[in-house]
Amino acid sequence: MTNPREVQLKSRPVGWPTHDDFALVESAPTDLADGQVRVRNEVMSVDPYMRGRMSDAKSYAEPYALGEAMHGGAVGVVTESRADGIAVGDHVLHGLGWREEAVVDGSAVRVVDTSVAPASAYLGVLGMTGLTAYAGLTRVAGLKEGDVVFVSGAAGAVGSVVGQVAKALGASRVIGSAGSQEKVDHLLNDLGFDAAFNYKDGRVSDLLREAAPDGIDVYFDNVGGDHLEAAVGSLRLGGRIAICGAISVYNNTEAAPGPRNLARLIQTRGTITGFLVGDHWDLAGEYAQRAAGWIADGTLTSRETFSDGIDHAVDAFLGVLRGENVGKMLVRL
Ligand code: NDP
């Protein structure tokens, strides 16, 4: 019998990662210590933030170690347990990432109920992704009833929740940008966005002005670059920008210039605030409760894009950077 496999980081990518930066290897057999569980992973997350951790640069998260499995969110079933309160057959969420099997401390996992939602939801709409959207909108951007909200990366995991939750919380108009006509149609037809555009169709500032002729109150930024400059240009009095991500620059090898129009923040008394979901775990219970209600009554829907097999983890990761996903990108094992 072969041992379970894992994906390790082999070298630090410069610019776009390639398959040569990763290695799929068999892991060494490990006995359980007291307090640990063995988990057979069923689904694992590939996330844009992982690109930052592949570089040896000072960041908010530790760089991945070379020759070690890529850490990240995963959900699996417990096959062996020496941890109190966790039984064989339980599904657990953990952070050990891209591997077929994980041996992990019971104190570092969360038991999830797969009769309430599928395992994958705990990595997406009911997990870190959903909380990012909720915390960014409510706490960081201070969403108010009647706000006009713009979100980039709108057909992605975080963005699709942002748009729907903004509507649920009383936004008067929600505008999304995405990278294909299929995604724009999805935003308009399935997710209840009031307006949407393909940012590849022209200058983002022109497209945004067309979609929001009277300006915007909130911008939830997943992209940075031209999108951020366009949002500053369309900001109304007292407008708030929450910086969640900057995927347009993650593979740059040189620093890109920031918005050229920041002086607009003076006349609009606008604010730009960066945030990390990790600082907002105290909202997790509140979000989980509200999200369950929104999902039950159809206010909040979520799509997922799956790759199958650990040997496709790198393809799935590159795919999320290229925009091949609608909703949350996941690998099914
Ligand atoms: P997504 O599901 O949104 O996937 C990333 C999407 O980015 C792609 O689908 C693609 O869609 C879009 N994209 C890629 N390149 C570009 C580009 N050059 N310009 C515009 N869009 C681009 O990922 P997530 O929802 O997981 O993450 C969204 C953002 O939130 C990321 O920037 C991520 O780093 C950040 N994040 C931040 C957190 C925090 O705590 N601050 C926590 C979680 C995520 P398209 O086809 O539309 O181009």
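Residues numbered from 1 in each chain as written. Predicted model: local features only at pLDDT ≥ 70, side-chain atom pairs only at ≥ 80, totals over all residues. Heavy atoms only, no water.

## A few points about the packing of aromatic side chains
What describes a pair of aromatic rings is the distance from one ring centre to the other and the angle between the planes of the rings. Selection criterion: Put simply, two rings from Phe, Tyr or Trp (the six-membered ring, in Trp's case) pair if the centres are within 6.5 Å, and we call them stacked under 30 degrees between planes, edge-to-face over 60, tilted for the rest. The secondary structure listing takes helices from DSSP runs of H or I that are at least 4 residues long and strands from runs of E that are at least 2 residues long, numbered from the N terminus. Partly exposed residues are those whose accessible area sits between 20% and 50% of the maximum for their type, while under 20% is buried and over 50% is exposed, using a 1.4 Å probe and protein chains only.
A full pass over the atoms with the stated rule returns 7 aromatic pairs. An angle of 25° between the planes, with centres 5.9 Å apart, marks the rings of F150 and F197 as stacked. Placement of the pair is F150 in strand 8 (residues 148–151) and F197 in strand 10 (residues 195–198), with a sequence separation of 47 residues. Judged by relative accessible area, which is 7%, F197 ranks as buried. Taken together through their ring pairs, the aromatic side chains of F22, W98 and F317 make up a single cluster.

## Looking at the domain arrangement of the protein chain
Cut-off, in case you're wondering: Either an automatic procedure or a domain database provided the assignment from which the domain bounds are taken. We call two residues in contact whenever any of their non-hydrogen atoms come within 4.5 Å of each other. What gets called buried area is simply the loss in accessible area from a 1.4 Å probe that two parts show on being joined, summed for both. What makes a salt bridge here is a side-chain nitrogen of Lys or Arg within 4 Å of a carboxyl oxygen of Asp or Glu, nothing more.
For the protein chain, the domain assignment lists domain 1 (5–124 + 303–332) and domain 2 (128–278). Averaged C-alpha coordinates put domain 1 and domain 2 at centres separated by 28 Å. In this assembly, 20 residues from domain 1 lie in contact with 15 residues from domain 2. Interface area, domain 1 with domain 2, both sides summed: about 1,300 Å², of which 58% is carbon and sulfur. It is G124, R303 and V326 that lose the most area in domain 1 upon contact with domain 2, and together they represent 27% of the buried surface on that side. Put simply, domain 1 and domain 2 have 1 salt bridge between them. The partner of D190 in a salt bridge is R303, with the nearest N and O atoms 3.8 Å apart.

## Thoughts on the site of the ligand
The condition is simple: Proximity is defined per residue: if any heavy atom of the residue lies within 4 Å of a molecule or strand, that residue is considered near it. In protein, a polar contact means a hydrogen-donor-capable atom and an acceptor-capable atom, both N or O and within 3.5 Å, with residues adjacent in sequence counting only if both atoms are side-chain atoms; elsewhere, any N or O pair within 3.5 Å suffices. In short, Shrake-Rupley with a 1.4 Å probe defines the accessible areas, and a residue's cover is counted only from the protein chains shown. Charged residues are taken to be Asp, Glu, Lys and Arg, nonpolar residues to be Ala, Val, Leu, Ile, Met, Phe, Trp, Tyr, Cys and Pro, and polar residues to be all remaining types, Gly included.
In the vicinity of the ligand lie 27 residues, with V158, K183, Y199, V277 and N325 positioned nearest. With respect to the ligand, the side chain of K183 contributes an N or O atom lying 2.6 Å from an oxygen atom. Y250 is positioned such that a nitrogen or oxygen atom in its side chain is 2.8 Å from an oxygen atom of the ligand. Coverage of the ligand by the protein amounts to 91% of the 910 Å² it exposes when considered alone. Only helix 2 (128–140), helix 3 (157–168) and helix 9 (313–322) provide two or more residues apiece to the shell around the ligand. Per-class residue counts for the shell around the ligand are 17 nonpolar, 9 polar and 1 charged. Taken together, domain 1 (5–124 + 303–332) and domain 2 (128–278) each give at least three residues to the shell around the ligand, which thus spans both.

## Regarding the nonpolar core
Note that soluble globular proteins tend to have their nonpolar side chains buried in a common cluster. Defined as follows: Among buried residues, those of type Ala, Val, Leu, Ile, Met, Phe, Trp, Tyr and Cys that are joined through side-chain atoms within 4.5 Å constitute a nonpolar core.
Of all hydrophobic cores here, the largest spans 48 residues; its most connected members are V75, L137, V149, L187 and Y287. The set of elements that each furnish at least two residues to this core consists of helix 2, strand 8, helix 3, strand 9 (173–178), helix 4 (181–189), strand 11 (216–221) and helix 8 (284–296). Top element by residues in this core is helix 2. It accounts for 6 residues. Dropping the residues within four chain positions of it, V75 is found in contact with N41, E42, V43, H91, V92, L93, V112, A119, Y122 and L123.

## So, the packing of helix 5 (residues 204–211) against helix 6 (residues 225–234)
Pairs of packed helices are described in terms of their axes, by the angle between the two and the distance that separates them. What counts is decided by this rule: What counts as an axis is a line fitted to C-alpha atoms, over the stretch in contact for a helix, and the angles between N-to-C directions run from 0 to 180 degrees. Oblique is the label for every angle not falling under 35 degrees (roughly parallel), over 145 degrees (roughly antiparallel), or within 65 to 115 degrees (roughly perpendicular). The sense of a crossing depends on the near helix, which, turned anticlockwise from the far helix by less than a right angle, makes the crossing left-handed and, turned clockwise, makes it right-handed.
Interaxial distance between helix 5 and helix 6 falls to 8 Å at its minimum, and their mutual angle equals 45°. One element, helix 5, and the other, helix 6, form an angle in the oblique class. Every pair of crossing elements has a handedness; the one defined by helix 5 and helix 6 is right-handed. For the pair helix 5 and helix 6, contact is made by V204, S205 and L208 and by D226, H227, A230, A231 and S234, respectively. The residue inventory of the contact of helix 5 with helix 6, partitioned by class, reads 4 nonpolar, 3 polar and 1 charged.

## Details of the environment of M44
Checked against the element boundaries, M44 lands in strand 3 (residues 36–45). The spacing of M44 and L330 is 286 residues in sequence and 5.8 Å in space, taken between C-alpha atoms. Leave out the neighbours within four places in its chain, and M44 touches G73, A74, G97, W98, R99, L123, I310, A313, L330, V331 and L333.

## Observations regarding the pairing of strand 9
Selection criterion: A pair of strands is treated as paired once DSSP finds two or more bridges between them. Handedness of a crossover: with both strands directed away from the viewer, a clockwise path from the first strand across the helix to the second marks it as right-handed.
Burial of strand 9 is extensive: 5 of the 6 residues sit out of reach of the surface. Where strand 8 meets strand 9, 4 bridges bridge the pair, whose relative direction is parallel. When the bridges of strand 9 are listed, F150 appears paired with I175. Taking the sense of rotation as the criterion, the β-α-β connection linking strand 8, helix 3 and strand 9 turns out right-handed. Here 4 bridges tie strand 9 to strand 10, and the two strands are oriented parallel to one another. Across the sheet, residue A178 finds its bridge partner in strand 10, namely N198.

## So, the UniProt feature "domain: Enoyl reductase (ER)" (unreviewed entry) in the protein chain
Stated formally: UniProt positions are given in the numbering used here, feature names are shortened, and annotations may be inferred rather than shown by experiment.
Here the UniProt feature "domain: Enoyl reductase (ER)" (unreviewed entry) sits at residues 17–331. Within residues 17–331, the helical portion is 27% and the strand portion 24%, while the C-alpha atoms at the span's ends are 18 Å from each other.

## What to know about unusual backbone geometry
Phi is positive for R269, which is not a glycine, with a value near 50°. In this fold, R269 is placed in the loop between helix 7 (264–268) and strand 13 (271–274).

## Some words on the environment of V184
Structurally, V184 can be placed in helix 4. Residue classification places V184 among the buried residues on the basis of a relative accessible area of 5%. Spatially, the C-alpha atom of V184 lies 37 Å from that of K10, the residues being 174 residues apart in sequence. Apart from residues no more than four positions distant in its own chain, V184 is found in contact with A196, F197 and N198.

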